[in-house]
Amino acid sequence: MRRIIIFVLIFAYCYFLFLSLRSVLWGGIPFWSDPARDLLLAWDNLHKISLIGPPGGIPGVFYGPYWLWLNSLVLVFTKDPRFCSLFVILIPYFTLFPLLFWKLGKFIGRGPVVLIWLIFMLAYGSFYTTFIWQPYLVPILLAALVYISASNILNKPLMVGIMAAMLVNFHLSFGIVTCLSVSLLFFVTWLVKDRKIKTLILYIAGILIVFLPFLLFESRHGFNQTQSFIKAFINSAVYNSASVGQMGLTKPEILSRFLSIPAQFLQMPFHLVVILWLALITQFKNKFTRNQIGIIAFLLFNIIGLFVVFYTSKNPVWDYYFIGMETLFLLLMGVLISKSRVLLTVGYLWVLILASRHLASFIRDPGADFLAVPSLASKQLVTQTIIDDAANQPFTVFAYSPSIYTFDYDYLFKWLAPNHITGGPVFLIIPPETSIAVKEDFIHYKTPGYITVWEKVQKDKTMILKQWPK
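The rules behind each value
- Residues numbered from 1 in each chain as written.
- Predicted model: local features only at pLDDT ≥ 70, side-chain atom pairs only at ≥ 80, totals over all residues.
- Heavy atoms only, no water.
- Axes fitted to C-alpha atoms, helices over the stretch in contact; angles between N-to-C directions.
- Helix = DSSP H or I, 4+ residues; strand = E, 2+ residues; numbered from the N terminus.
- Left-handed = near helix turned anticlockwise from the far one by under 90°.
- Contact = heavy atoms within 4.5 Å.
- Nonpolar A, V, L, I, M, F, W, Y, C, P; charged D, E, K, R; others polar.
- Pairing = 2+ DSSP bridges.
- Right-handed = clockwise from strand over helix to strand, strands pointing away.
- Salt bridge = Lys/Arg side-chain N within 4 Å of Asp/Glu carboxyl O.
- Buried < 20%, exposed > 50% of the residue type's maximum accessible area, 1.4 Å probe, protein only.
- 1 Å grid on protein atoms, 1.4 Å probe; cavity = no way out; pocket = protein on both sides within 12 Å on 5 of 7 lines; lining within 4 Å.
- Points joined across faces, edges and corners; volume = space filled by probe spheres on them.
- Core = buried A, V, L, I, M, F, W, Y, C linked by side-chain atoms within 4.5 Å.

(A) Spatial organisation of the packing of helix 16 (residues 290–312) against helix 17 (residues 325–337). Closest axis-to-axis distance for the helix 16/helix 17 pair is 10 Å, and the angle between their directions is 145 degrees. Handedness of the helix 16/helix 17 crossing: left-handed. Across the interface between the two elements, Q292, I295, I296, F298, L299, L300, N302, I303, L306 and F310 from helix 16 touch M325, L328, F329, L331, L332 and V335 from helix 17. Across the contact of helix 16 with helix 17, the residue classes break down as 14 nonpolar, two polar and no charged.

Set out below in structure tokens:
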């Protein structure tokens, strides 16, 4: 039986690794404005070290520089986005992440941690392990913090401070709340168990170390970010108004999004999830170990804190703010299931069903045509088609985007045509599902007085037009 379990685990690991590697190496990862903008900033970071990262959701406030620095380490050797995805996202998810889960097994049992790892990979493995987006590193940081909390959150105060601050630097809105929740939990635990000034100083030092680039930048630029953040907080807390003129999710949508997270990763109807959580809540009557209590306290502090802040916030809350929340719910579910052999057995039976569906879908369609969907591969083909047609002669490119920004094609042309000179014919790139009216308006606005020489429609329905002056 033990050999069968080991074989199944090795097979599952290799299966998910294969799917992720195929997506990355074949260019099947999405490549939209945000990751492309970040890679352009990381490229610039090679010439002048940046102390700030990409812009955040609050006007005038930026992420920390660590995401740019990580990608810059890869861009030193190659500008291919595939390798940024490989080294910055995929490798950590197939080394650090399962290792942290395995270590958590000594506190909540190997069976529960394997179960929740399988659920995570089945539900989120196709994008968390491949997409070049900084919030997707948050589950790894959360798993590390949970492991430390299980041992004793006061045992490694410097490391807890560092990782709590890193959450802010990688996922601003989510991270601010989790950092405050971790800090509150740390302080309460410190008051009850420790009260040593050294422990508190080490925790604060960990936070300050991470925010050192931010503090250096602020001291050189008049603390503008700090003022912007304080202004946003005052507008929200005192004047009951948002700092930006956008709505975001409504309160019912926030509540619905929050409650639907377990249904999403379990891939079952909401009413069945409610029954499951009622069964899990009954496990609180059982006697938990001190380590398990540490995990539960950490998870509940963060889950409740995130819900309260998001639900009461006057500033807009977007869907991506919830990235990382599923990890908190999954780990809580793992702790509670560990107290019931029946629930653990039911969990494995359900994972078997989910895995069978996943594998059956792969067997039915093992091929992956990444050129037929908007992806790095399809956009790279568009870019290369234009470069080949220009044949080392000057050319001009305009790409339409509903969001105005075209960082994706800006990056691809900078990478694939480094010596490109503007001039000559004009190439227009029009993405799929662009209405005829918008398409015609874009063409007339960008190239008035031009005629179309040729028009090509790529496999993903992206349209390329080559135009010359009349």
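The discussion continues.
(B) Focus on the pairing of strand 1 (residues 396–399). Taken together, the four bridges between strand 1 and strand 2 (residues 426–430) define a ladder with parallel strand orientation. Bridging across to strand 2, V397 finds its partner in F427. In terms of handedness, the path from strand 1 via helix 20 (residues 407–416) over to strand 2 forms a crossover that is left-handed.

(C) Up close: the pattern of salt bridges. Here the structure, examined in full by the defined rule, presents eight salt bridges. Put simply, K459 and D369 hold a salt bridge, and the shortest N to O gap is 2.6 Å. Highlighted residues: K459 in the loop between strand 3 (450–457) and strand 4 (463–469) and D369 in the loop between helix 18 (341–364) and helix 19 (376–390), separated in sequence by 90 residues. We note a salt bridge from D389 to K466, for which the minimum N-O separation is 2.8 Å. Residue D389 is located in helix 19, and its partner K466 is located in strand 4; the two are separated by 77 residues in the primary sequence. Take K466: its relative accessible area is 13%, and that puts it in the buried class. The network of salt bridges with shared partners includes D34, R37 and D38.

(D) View of the layout of surface pockets. By volume, the second largest pocket is sized at about 750 Å³. In this structure, the second largest pocket is lined by 25 residues; those nearest its centre are V8, L9, V114, L118 and Y348. Secondary-structure elements contributing two or more residues to the lining of the second largest pocket are helix 1 (2–25), helix 6 (110–128) and helix 18. In terms of residue count, the dominant contributor to the lining of the second largest pocket is helix 1 (10 residues).

(E) How the structure looks around the nonpolar core. Of all hydrophobic cores here, the largest spans 139 residues; its most connected members are F265, M325 and M333. Of all the elements, helix 6 adds the most residues to this core, at 13 residues. Once you skip the residues sitting within four places of it in the chain, M325 turns out to touch F174, F258, I261, L306 and F310. Core analysis: the second largest hydrophobic core is formed by seven residues, V426, L428, I430 and F442 among them.

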